[in-house]
Amino acid sequence: MSEIAWEKAAVAESPVSKPAANIRTKFMIVGFVILAAVAALVISGTVSGARFFITINELVGSDKYVGQVVRVTGAVDGQTIKYDEKNLIIEFTVAHVGNDGGDLALALHNAVKDPNAARMNVRVEGQVKPDLLQHEAQAILTGKLDENGVFHATELLLKCPSRFEEAKPENAIGKIG
Amino acid sequence: MLAEVGFIATLLAFAAALYAIVTAFAGTRTHNDALIASARNATIVAFPLLLVACAMIVIGLLTQQYQMVYIWSVSDPQTPTFFRITALWGSQAGSILFWSFLMSFFSMAVVIINWRGQRRLMPYVIMYTMAVLAFFLALSLFFENPFERYWILQNSEVVKSVFQPAGAVPPSSIRLAETANGLNPLLRHFGMIIHPPMLYLGFVGFIIPFAFAMAALASGDLSNAWIRASRRWTLAAWLFLSLGLILGGRWAYDVLGWGGYWGWDPVENAAFLPWLVGTAFLHSVMIQEKRGMLKVWNMFLVNGAFSAVIFGTFATRSGLVDSVHSFARSEIGFPLFFFWLAVTLVSVGLVIWRWRRGELRDEHKFAGLLSRESLFVLNNVIFILLFAVIFWGSFGAPIVSELFMNTNITLGRDYFLAVTPPLFLILYILMGVAPLSAWGVMSLKRLGRALAIPAVLAVVATALMALFTPMTVGVALGYWVVWTAGMVAVYETYRGVVARHKGLGEGWYKAFTSLFARNRRRYGGYVIHLGIAIIGIGVIGSTVFQQETQQTLAVGQSLRIGDYQVQYDNFLDGQIADDGRVMQIAQVSVWRNGQLLANLRPRHDFYPNAKGMNSQTIAGAYSTIENDVYVLLVGWERIGASEATFKVYVNPLINLVWWGGLILIAGTLVATWGAPLPAAKTVPAEQPSVKGAIA
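Residues numbered from 1 in each chain as written. Chains lettered and ligands numbered in written order. Predicted model: local features only at pLDDT ≥ 70, side-chain atom pairs only at ≥ 80, totals over all residues. Heavy atoms only, no water.

Engineer: When you look at the overall build of chain A in this model, what are you seeing that I'm missing?
Structural biologist: Of regular secondary structure, chain A possesses 4 helices and 6 strands. Counting from the amino terminus, chain A carries its helices and strands in the arrangement α-β-α-β-β-α-β-β-β-α. Relative to its 177 residues, chain A shows a buried fraction of 41%. Contacts spanning at least 24 positions in sequence make up 62% of the contacts within chain A whose residues lie at least 6 apart. About 9,200 Å² of surface is accessible on chain A, with carbon and sulfur atoms providing 57% of the total. (Helix = DSSP H or I, 4+ residues; strand = E, 2+ residues; numbered from the N terminus. Buried < 20%, exposed > 50% of the residue type's maximum accessible area, 1.4 Å probe, protein only. Contact = heavy atoms within 4.5 Å. Areas by Shrake-Rupley, 256 points an atom, 1.4 Å probe, with all protein chains shown as cover.)

Given below as structure tokens:
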């Protein structure tokens, strides 16, 4: 290739030959320091950032988690959504999502319909109402439960299952003609 | 008709892939060239077959064949034509077929382009790429079939099937059209339209260097042939992946309405992970090419890239992430997992086999801690550590806590914001230092001398920024490191141009262009570094100095944020767009020091026909290099809208993220295209004359 020497004086002027063991020790030390530093970062980050992901049944069933930051998932009941847009306060109720044998959309649908499912009031302050906050969406909330049973969420994530089987194509299409 | 043709074309492509695997294998065993040529033809033919299959879906979308389940679920009569086409990758079944289609394009291009140069590797490349293709086609045929149609049986039960069951009739087309789902409004954005194909191209592209590496191991041609052959494929894959990530960020910024572009969401991270391994591989593979070192490491990295790609596809496609429960829920989760496991076991087995036979021995030893090869190794270590901590935060902690602690722990943004910045900072330091160091041995003094001018320039740049925006020492230090990395790239290019100008008497422009033409990889690499540095400055600025406020305003009133004034001027109620969406538009003006800068139209779109999510908040933004004023309409009085509530962000330097992205793309194009052909005839890498050529 036509690499030209003045573009880069690539070879150092004095290639000192050091014993290989010396280099190896240096590499080990550097590697160890980096690994130890990263391990310390990860451990402290994990401890401070860890959120227990629990169900609504577990959360409302006992006062074990009151005042503790947790993550919880539930199905949004669309009729309960209240939004004070001037003060940016969102309130709604979520229902416990049970096991459903595979279909998230169906599980959310059943959770909201089930009158016996555990429910919890949620309050979110200072946030714009997300477009995804609607009936039978899955809400993933991070925050604390207070003594009155209201969950104060600081983080609100929403998922609408993209395959909305709840729309029941069979029922919609089924009628011939 | 469409469904049958598409299904049969997919089936034939699947058969062609299997045939190619078998004949390529038999051909190499028996040294039968005719069989290998036949395998090649089968590889090539998979592409037109899948083109037909995808075309059938697109035609179905355009002509509104709602009897096809996929089309029913991603479009409706109101969907604009453009989004009908892009709905091909709008949902699971279509996007998996589209993935296979792109894969078949890459494998066809590889056998056509590299056939002559790499005859010995080709049969194995065919085996590996076709195994991946066959697997994804099997997913389409047996798990997520996009060609299924609705049928009504005689007992009026509705079933999904590609072919007409006996005695069944199709449902009424009117009812189908009425009930069709429509595309999720969030996906109706240019970023979302190009983002998935770019990401898939990046994912698929990394299969090619992987296939070449495994071909080298399997064939025993362990020279650098596989690296030379796959280098441009790697760069192309990296380019697409970078583009996909940048577009994804842009989409989030424009559409999701929280004023940011990266949320450390597990799905985002899943796409970022292959980029990290791929970038590490791009760097370390140069060490092998130039110095014949790190051979085993590179094999593991390329394996890691493949695993990250399969995992990324899996994580973005299967809904793994909300909860690890979805792992079992997703139909394609287990097949994907077993496929990944099988390919990885075979590949790692190959590496270990060649390694133990002593065929992957390094040709040089590490000579000094500051040599370029050592710094590249350090760079690799940091990339892999970043990979590890991001993987742990997104997937590791939830899975481990679920399996072993009988609880479910997730890590939020806090974790990533605490853990990743130090690692990114080290990468920027290395980006500044490594290009200045030499192969072999490098003294600290020499390195310091080379670094002096860029470092001083970076001090000046940081000081200028601090004049306008007061900042803490930590932030200033961060800026300085990133600036230094960028300045090194610029200064080294400048030095090259000056040297040509003085040494060869070329004019400045000629010196500049021939510098790039002579060593595209090195100077393209500098352009990429500059782009990454500019992105870094944008990220620091928009993360540390973001301002936000929210206020309810009457018409004519204004709010203040930073130096800006945002005034609510007027409200346009119930505007109806071509595609049937209803828009509420606020007219807002942005002022600074009494001067009108821009009129914005933040709005709220409502899609009356969409099921599921049906509304969308579209920000209005006034963009300059300095700041983005990002205005969201979050509420309004239902009657008359005499008052409306706005949330306003000022995002400093955020546009540098996008501009840096464009520079990065330009640099990758320089490095990829038009380089002199990687000829086996030129000097082998060990020759002293090429020592200066970094790549």
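Picking up after the structure, the text goes on.
Engineer: How should I be thinking about the nonpolar core in this particular structure?
Structural biologist: Ranked by size, the top nonpolar core spans 199 residues in total, and within it Trp99, Phe147 and Phe212 of chain B carry the most contacts. Those residues in contact with Phe147 of chain B that lie beyond four places of it in its chain are Ala3, Gly6, Phe7, Thr10, Ala53, Met56, Ile57, Met68, Leu97 and Val162 of chain B. If you look at the next biggest cluster of nonpolar residues, it comprises 23 residues, including Val94, Val122, Ala139 and Phe151 of chain A. (Core = buried A, V, L, I, M, F, W, Y, C linked by side-chain atoms within 4.5 Å.)

Engineer: Explanation requested: helix α17 (residues 473–504) of chain B in the structure shown.
Structural biologist: Since the α-helix turns once every 3.6 residues, residues separated by three or four places project in the same direction. The end-to-end C-alpha separation of α17 of chain B is 45 Å, in line with the 46 Å expected for 32 residues at 1.5 Å each. Immediately beyond the C-terminal end of α17 of chain B, within one or two residues, lies Gly505 of chain B, with a positive phi of roughly 70 degrees. (Expected span 1.5 Å × (residues − 1).)

Engineer: Sorry, what's going on with the pattern of salt bridges here?
Structural biologist: When their charged atoms lie close together, side chains carrying opposite charge are able to pair. Going through the model one piece at a time under the given rule, you end up with 22 salt bridges over all chains. A salt bridge links Glu155 of chain A to Arg71 of chain A; the shortest N-O distance between them is 3.6 Å. Of this pair, Glu155 of chain A sits in strand β6 (residues 150–159) while Arg71 of chain A sits in strand β2 (residues 70–84), placing them 84 residues apart in sequence. Here Glu373 of chain B makes a salt bridge to Arg291 of chain B, at a shortest N to O gap of 3.4 Å. Taken together, the residues span a long stretch of sequence, with Glu373 of chain B in helix α14 (residues 372–404) and Arg291 of chain B in helix α10 (residues 266–291) at a distance of 82 residues. One exposure class covers both Glu373 of chain B and Arg291 of chain B, and it is buried. Here the salt bridges do not stand alone but share partners, grouping Glu91, Arg123 and Glu125 of chain A into one network. (Salt bridge = Lys/Arg side-chain N within 4 Å of Asp/Glu carboxyl O.)

Engineer: Teacher, can you tell me more about the packing of α17 of chain B against helix α19 (residues 520–544) of chain B here?
Structural biologist: For any two helices packed against each other, one specifies the crossing angle of their axes together with the interaxial distance. Residues and elements named next belong to chain B. Running from N to C, α17 and α19 cross one another at 160 degrees; their axes reach a closest spacing of 9 Å. Comparing the axis directions of α17 and α19 gives the class roughly antiparallel. Note that α17 runs across α19; the crossing there is left-handed. Two secondary-structure elements touch here, α17 through Val475, Gly478, Tyr479, Val482, Trp483, Gly486, Ala489, Val490, Glu492, Thr493 and Gly496 and α19 through Arg522, Tyr523, Tyr526, His529, Leu530, Ala533, Gly536, Ile537, Ile540, Gly541 and Val544. When the residues that make up the contact of α17 with α19 are grouped by side-chain class, the tally is 13 nonpolar, 7 polar and 2 charged. (Axes fitted to C-alpha atoms, helices over the stretch in contact; angles between N-to-C directions. Parallel < 35°, antiparallel > 145°, perpendicular 65-115°, else oblique. Left-handed = near helix turned anticlockwise from the far one by under 90°. Nonpolar A, V, L, I, M, F, W, Y, C, P; charged D, E, K, R; others polar.)

Engineer: Would you mind showing me how to read the sheet that holds strand β11 (residues 620–623) of chain B here?
Structural biologist: Consider a sheet: its strands pair through backbone hydrogen bonds, and that pairing is either parallel or antiparallel. All names here are of chain B. Spatial strand order, β4-β13-β12-β11: 4 strands in an open sheet with antiparallel pairing. Edge positions in the open sheet fall to β4 (547–554) and β11, since each of these has one partner strand only. In this sheet, neighbouring strand axes are inclined to one another by 20 degrees on average, regardless of whether the strands run parallel or antiparallel. When β11 meets strand β12 (residues 627–636), the two strands line up antiparallel, connected through 4 bridges. Within β12, the position partnered with Tyr622 by the bridge is Val629. Its contacts with the sheet place helix α20 (residues 654–672) against β11, β12 and β13 (643–652), and it is angled at close to 115 degrees to β12. (Pairing = 2+ DSSP bridges.)

Engineer: What's the story with the packing of aromatic side chains in this structure? I'm lost.
Structural biologist: Aromatic rings in a pair are described by how distant their centres are and how their planes are angled relative to each other. Residue and element names in this part refer to chain B. Taken as a whole and judged by the stated rule, the model has 40 aromatic pairs over all chains. Summarising the aromatic geometry, the rings of Tyr630 and Tyr649 are spaced 5.8 Å apart at their centres and angled 70 degrees between planes, so their arrangement reads as edge-to-face. Here the residue Tyr630 occupies a position in strand β12, and Tyr649 occupies one in strand β13, the gap between them amounting to 19 residues. Each member of the pair, Tyr630 as well as Tyr649, is classed as buried. Taken together through their ring pairs, the aromatic side chains of Phe47, Trp89, Phe98, Phe101, Phe105, Phe106, Tyr200 and Trp233 make up a single cluster. (Phe/Tyr/Trp six-rings, centres within 6.5 Å; stacked < 30°, edge-to-face > 60°.)

Engineer: What should I look at first to understand the pairing of strand β2 (residues 158–161) of chain B in this one?
Structural biologist: Residue and element names in this part refer to chain B. In this structure, strand β1 (residues 149–152) lies alongside β2, joined through 4 bridges in antiparallel fashion. Across the sheet, residue Tyr150 finds its bridge partner in β2, namely Lys160. Hairpin connection from β1 to β2: 5 residues lie between these consecutive antiparallel strands, with Ser156 at a positive phi of about 60 degrees.

Engineer: How should I be thinking about the side chain of Ser401 of chain B in this particular structure?
Structural biologist: Residue and element names in this part refer to chain B. By the element assignment, Ser401 lies in helix α14. Residue classification places Ser401 among the buried residues on the basis of a relative accessible area of 1%. There is a polar contact of 2.9 Å between the side chain of Ser401 and the backbone oxygen of Ala397. Here Pro398 takes part through its backbone oxygen, which lies 3.0 Å from a polar atom of the side chain of Ser401. Leaving out residues up to four positions away in the same chain, Ser401 has contacts with Asn406, Thr407, Asn408 and Ile409. (Polar contact = N/O pair within 3.5 Å; in protein donor to acceptor, adjacent residues only side chain to side chain.)

Engineer: Would you explain unusual backbone geometry in this entry?
Structural biologist: Apart from glycine, the bulk of residues carry a negative phi angle, and the bulk of peptide bonds sit in the trans form. All names here are of chain B. Unlike most non-glycine residues, Ser156 shows phi in positive territory, near 60 degrees. One non-glycine residue, Leu294, lies in the positive phi region at around 60 degrees. Looking at where Leu294 falls in the secondary structure, it is placed in the loop between α10 and α11 (295–318).

Engineer: Mind showing me how you'd approach the pairing of strand β7 (residues 582–592) of chain B here?
Structural biologist: Here is the key point about a regular strand: its side chains alternate between the two faces of the sheet. Residue and element names in this part refer to chain B. Where burial is concerned, most of β7 is hidden: 9 out of the 11 residues are buried. Hairpin remark: strand β6 (residues 564–576) followed by β7, antiparallel, with 5 residues in the connecting loop; positive phi at Gly580, about 90 degrees. Relative to strand β9 (residues 603–606), β7 runs antiparallel, the two being bridged by 4 bridges. Residue pairing for β9: Gln584 is matched across the bridge by His604. Note that β7 and strand β8 (residues 595–600) share 5 bridges and pair antiparallel. Paired with Arg592 across the bridge in β8 is Gln595. The turn linking β7 back onto β8 is made up of 2 residues, and Asn593 within it adopts a positive phi angle of 50 degrees.

Engineer: Looking at this structure, how should I read a nonpolar patch on the surface?
Structural biologist: On the surface, a cluster of nonpolar side chains totalling about 470 Å² of accessible area is made up of Phe334, Phe337, Phe338, Leu341 and Leu345 of chain B. Position of Leu341 of chain B relative to the elements: it lies in helix α13 (residues 333–356). (Patch = residues over 30% accessible without salt bridge, like charges linked within 9 Å, V, L, I, M, F, W, Y side chains within 5 Å.)

Engineer: Sorry if this is basic, but what is going on with the confidence of the model for chain B here?
Structural biologist: In low-pLDDT regions, the fine details of the predicted coordinates are not to be read closely. Residue and element names in this part refer to chain B. For chain B, mean pLDDT is 86; residues scoring 70 or higher make up 94% of the total. The weakest mean pLDDT in chain B belongs to helix α12 (residues 326–329) at 42; the strongest belongs to helix α2 (residues 33–62) at 96. Contacts from residues 675–695, a stretch scored under 50 in pLDDT, to residues over four places away or in other chains number 38 contacts. (pLDDT = per-residue confidence, 0-100.)

Engineer: Is there a simple way to think about the environment of Val588 of chain B in this case?
Structural biologist: Residues and elements named next belong to chain B. Considering the arrangement of structural elements, one finds Val588 in strand β7. Residue Val588 is classed as buried on the basis of its relative accessible area of 2%. Along the backbone, Val588 and Val255 are 333 residues apart, and their C-alpha atoms lie at a distance of 19 Å. Not counting chain neighbours up to four residues away, the residues in contact with Val588 comprise Val566, Gln567, Asp569, Ala598, Asn599, Leu600, Pro602 and Phe646.

Engineer: Help me understand the packing of helix α8 (residues 190–219) of chain B against α10 of chain B in this model?
Structural biologist: Residue and element names in this part refer to chain B. The interhelical angle for the contact between α8 and α10, taken along N-to-C directions, is 40 degrees, at an axis separation of 11 Å. As the angle between them shows, α8 and α10 are arranged oblique. Note on packing geometry: the crossing formed by α8 with α10 is left-handed. Counted together, Leu199, Phe203, Phe206 and Pro209 of α8 and Ala271, Pro274, Gly278 and Phe281 of α10 form the full contact between these two elements. For the contact of α8 with α10, a count of residues per class yields 7 nonpolar, 1 polar and no charged.

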